[in-house]
Amino acid sequence: MTDINSVAVIGLGYIGLPTAAILATNGISVVGVDVNQRTVDAVNRGEVPFVEPDLGVHVAGAVSQGNLRATTETPASQAYIVAVPTPFLSDRSADLSYIEAAARGIAPQLAGGELIILESTSPPRATRHLADYILGLRPDLSLDGSNGGPVIHFAHCPERVLPGRVMIELVTNDRIVGGITSEAAQLAKDLYAVFCQGEILLTDDVTAEMAKLVENSYRDVNIAFANELSVISDKLGIDVWELIRLANHHPRVNILQPGPGVGGHCIAVDPWFIVAAAPGESRLIRTAREVNDAKPEWVVEKVREAALAYGKEPKIAALGLAFKANIDDLRESPAIGIAAELAEGLPGAQLLVAEPHVESLPRALEGRDNVVLTDTADAIAQADVVVVLVDHDEFKGVDPETLADKAIIDTRGIWRDIAFDAATAAAKA
Ligand code: SAJ
């Protein structure tokens, strides 16, 4: 049982807002804080400023119950959850300026006894940096009472929810809670137990920070393995999807799926925080990042080869812009870079982009004479070359007959059977 009944959540983005809403619907009095007035206004109307299944119902319910409100000013509270962005800087180390800005809002409100939880994905020792920063602003406070003043508790509790399943995974996932002190870890555990039905595992702050980074690096390294296999298979003239399917019949082998590269704001970013913390030792993690980052260029080359076979003015259908299937999230999506490079680097080429989850082209593609956003059937009908960049369900349902006579570059393996049938038919003819 927690004694905390008021929480301020700093940062109302993809993680902060769901966390604020789930605490509020479980009876905690929550104030959400964001620098963006439009986000604050939307939340106060009970609305959600981005797409995430079931979040709208939670926010609307919590606001109408009176347990959730939003503001631009950090209020006094018994606990603070910091869920602000930690992008990387040009040298790929983490930019902690948003965490520091949150700390400047919290520091004047502290009276002693409060719990401050960092949820943002963070490089090793970021929680200590946050603690040092706040205690630097408030030398009357301390971690352990050693200066005779009141104590403040600091913990790291990384989020691990999958976009698209956030409201389910917030409740069902296990959580790692790392405290600078064991008392801080226990206080944070008791607070998360208000809504979390998974196991809540206690550790120290730096191990918790690394656990989050390691989870995403594990995935990055394994996707890099699949991407490397796809390039090797192409060279050897074999089907990588069949290769992986067969190898995965082994009881201890589970290879992931290749794609056009790795997107999203987590897996393509977090491994760099480990590399920055231990550059000489992070050889595999760095190489995996490089392999995945090189994949879009390889795809561009494949499309270029196919397009050049059609003469000077090829029409290319690019299917999908999102960073993964069935979502509208374009952040760090390799598909956008590939489409932009095709539009720019192939003289005379026309690009027909189909992305059923967006209504307009992103900035990297808009305003170009040779790029149009259209529907899937039209893009395919007009194209000489079709490149699949995202495995949206809509693309899986395409009529194979509409693909006859087109060159197909399927980076997600969704049309394996179509390609196989076409090859069989050609062999029989
Ligand atoms: N991808 C592949 N092949 C695969 C699996 C994924 O190419 O076999 C690509 C996807 O197409 C996408 C990228 O990887 O471009 C990332 O997609 P994802 O679904 O694997 O992960 P994210 O980025 O949506 O969410 C991850 C999750 N982390 C792990 O699964 C270890 C999530 O649990 C984290 O909370 C989230 O990062 C985060 O916020 O850190």
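Conventions we followed
- Residues numbered from 1 in each chain as written.
- Predicted model: local features only at pLDDT ≥ 70, side-chain atom pairs only at ≥ 80, totals over all residues.
- Heavy atoms only, no water.
- Helix = DSSP H or I, 4+ residues; strand = E, 2+ residues; numbered from the N terminus.
- Rg over C-alpha atoms; globule rule 2.2 N^0.38 Å.
- Buried < 20%, exposed > 50% of the residue type's maximum accessible area, 1.4 Å probe, protein only.
- Areas by Shrake-Rupley, 256 points an atom, 1.4 Å probe, with all protein chains shown as cover.
- Near = heavy atom within 4 Å.
- Polar contact = N/O pair within 3.5 Å; in protein donor to acceptor, adjacent residues only side chain to side chain.
- Nonpolar A, V, L, I, M, F, W, Y, C, P; charged D, E, K, R; others polar.
- Domains from an automatic or database assignment.
- Pairing = 2+ DSSP bridges.
- Axes fitted to C-alpha atoms, helices over the stretch in contact; angles between N-to-C directions.
- Core = buried A, V, L, I, M, F, W, Y, C linked by side-chain atoms within 4.5 Å.
- Contact = heavy atoms within 4.5 Å.
- Phe/Tyr/Trp six-rings, centres within 6.5 Å; stacked < 30°, edge-to-face > 60°.
- Salt bridge = Lys/Arg side-chain N within 4 Å of Asp/Glu carboxyl O.
- Patch = residues over 30% accessible without salt bridge, like charges linked within 9 Å, V, L, I, M, F, W, Y side chains within 5 Å.
- Buried area = accessible area lost by both parts, 1.4 Å probe.

Undergrad: So what exactly am I meant to see when it comes to the overall build of the chain here?
TA: When its secondary structure is counted, the chain shows 15 helices and 13 strands. Taken against the 2.2 N^0.38 rule, which gives 22 Å for 429 residues, the C-alpha radius of gyration of the chain at 24 Å falls within 12% of a compact globule. For the chain, the spread of C-alpha atoms along the principal axes amounts to about 85 × 45 × 40 Å. When each of the 429 residues of the chain is scored for burial, the buried share is 50%. Total accessible area on the chain stands at roughly 19,700 Å², and carbon and sulfur atoms take up 52% of it.

Undergrad: Would you take a moment to explain the site of the ligand for this structure?
TA: Looking at the ligand, there are 19 residues lining it, with Glu159, Val161, Lys212, Gln257 and Phe323 nearest. Take glutamate 159: an N or O atom from its side chain is 2.7 Å from an oxygen atom of the ligand. Backbone polar atom of valine 161 to an oxygen atom of the ligand: 2.7 Å apart, as the coordinates give it. Within the complex, 88% of the 780 Å² of free accessible area of the ligand lies under protein. Of the residues assigned to the shell around the ligand, the class counts are nine nonpolar, three polar and seven charged. A domain split of the shell around the ligand shows at least three residues from each of domain 1 (6-198) and domain 2 (216-428).

Undergrad: Explanation requested: the sheet that holds strand E8 (residues 200-204) in the structure shown.
TA: Through backbone hydrogen bonds, the strands of a sheet pair up, either in parallel or in antiparallel fashion. An order of E3-E2-E1-E4-E5-E6-E7-E8 is seen for the eight strands of this open sheet, with the pairing classed as mixed. Each edge of the open sheet is held by one strand with a lone partner, namely strand E3 (68-71) and E8. Mean inter-strand twist for the sheet, computed between neighbouring axes without regard to direction, equals 25°. Here strand E4 (residues 79-82) runs beside strand E5 (residues 115-118); their pairing, made up of four bridges, is parallel. Its bridge partner being in E5, alanine 79 is matched across the sheet by leucine 115.

Undergrad: It is not clear to me how the sheet that holds strand E9 (residues 315-319) should be interpreted in this structure. Could you clarify?
TA: An order of E11-E10-E9-E12-E13 is seen for the five strands of this open sheet, with the pairing classed as parallel. The open sheet has two edge strands, strand E11 (371-373) and strand E13 (407-410), and neither has a second partner. Averaged over neighbouring strand pairs, the angle between their axes works out to 20° when direction is ignored. Examined bridge by bridge, E9 and strand E10 (residues 350-354) share five bridges and lie parallel to one another. Bridge pairing links isoleucine 316 to leucine 351 in E10.

Undergrad: How do you make sense of the nonpolar core when you look at a structure like this?
TA: As a rule of thumb, nonpolar side chains are buried together in soluble globular proteins. Core analysis: the largest hydrophobic core is formed by 41 residues, its most contacted members being Val7, Leu68 and Leu191. By residue number, the principal contributor to this core is helix H1 (residues 16-25), which donates six residues. Apart from the residues within four sequence positions on either side, valine 7 is in contact with Leu23, Ile28, Ser29, Val30, Val31, Ser77, Ala79, Ile81 and Leu191. Counting 29 residues, the second-largest nonpolar core is a separate cluster that includes Val82, Ala103, Ala131 and Leu135.

Undergrad: Would you explain the packing of aromatic side chains in this entry?
TA: A ring pair, where both rings are aromatic, is described by two values, the distance of the centres and the angle of the planes. The tally for this structure, following the rule as stated, stands at two aromatic pairs. Seen from their ring centres, tyrosine 14 and phenylalanine 50 are 4.5 Å apart, and the 25° between their planes marks the pair as stacked. Placement of tyrosine 14 in the loop between strand E1 (6-10) and H1 and of phenylalanine 50 in the loop between helix H2 (37-44) and helix H3 (55-65) is noted, with a sequence separation of 36 residues between them. A residue is classified by how much of its surface remains accessible, and tyrosine 14, at 32% relative accessible area, is partly exposed.

Undergrad: For this particular structure, what's the right way to read the pattern of salt bridges?
TA: Side-chain pairs of opposite charge can arise where the charged atoms are in close proximity. For the coordinates displayed, the defined rule picks out 17 salt bridges. One salt bridge in this structure joins lysine 396 and aspartate 393, with 3.8 Å as the shortest N-O distance. On the criterion of helical spacing, the pair formed by lysine 396 and aspartate 393 is a turn pair, its members being three residues apart in helix H14 (residues 393-396). A cluster of three or more residues bridged by salt bridges with shared partners is formed by Asp220, Arg289 and Asp293.

Undergrad: Is there a simple way to think about a nonpolar patch on the surface in this case?
TA: Together, Ile232, Leu236, Ile238 and Leu243 make up a nonpolar patch on the protein surface, roughly 350 Å² of accessible area in all. The topology assignment puts isoleucine 232 in helix H8 (residues 205-236). On the basis of relative accessibility, which here comes to 40%, the residue isoleucine 232 falls in the partly exposed class.

Undergrad: Is there a simple way to explain the domain arrangement of the chain in this structure?
TA: You'll often see interface size given as the accessible area lost when the parts meet. According to the domain assignment, the chain consists of domain 1 (6-198) and domain 2 (216-428). For domain 1 and domain 2, the distance between their C-alpha centroids amounts to 36 Å. Counting the surface domain 1 buries against domain 2, the share from its top three residues, Phe88, Arg92 and Pro163, is 43%. Summed over the shared surface of domain 1 and domain 2, the result is zero salt bridges. At the junction of domain 1 and domain 2, the tally comes to zero residue pairs in polar contact (both at pLDDT 80 or more). Counted by class, the side of domain 1 that touches domain 2 contains nine nonpolar, four polar and one charged residues.

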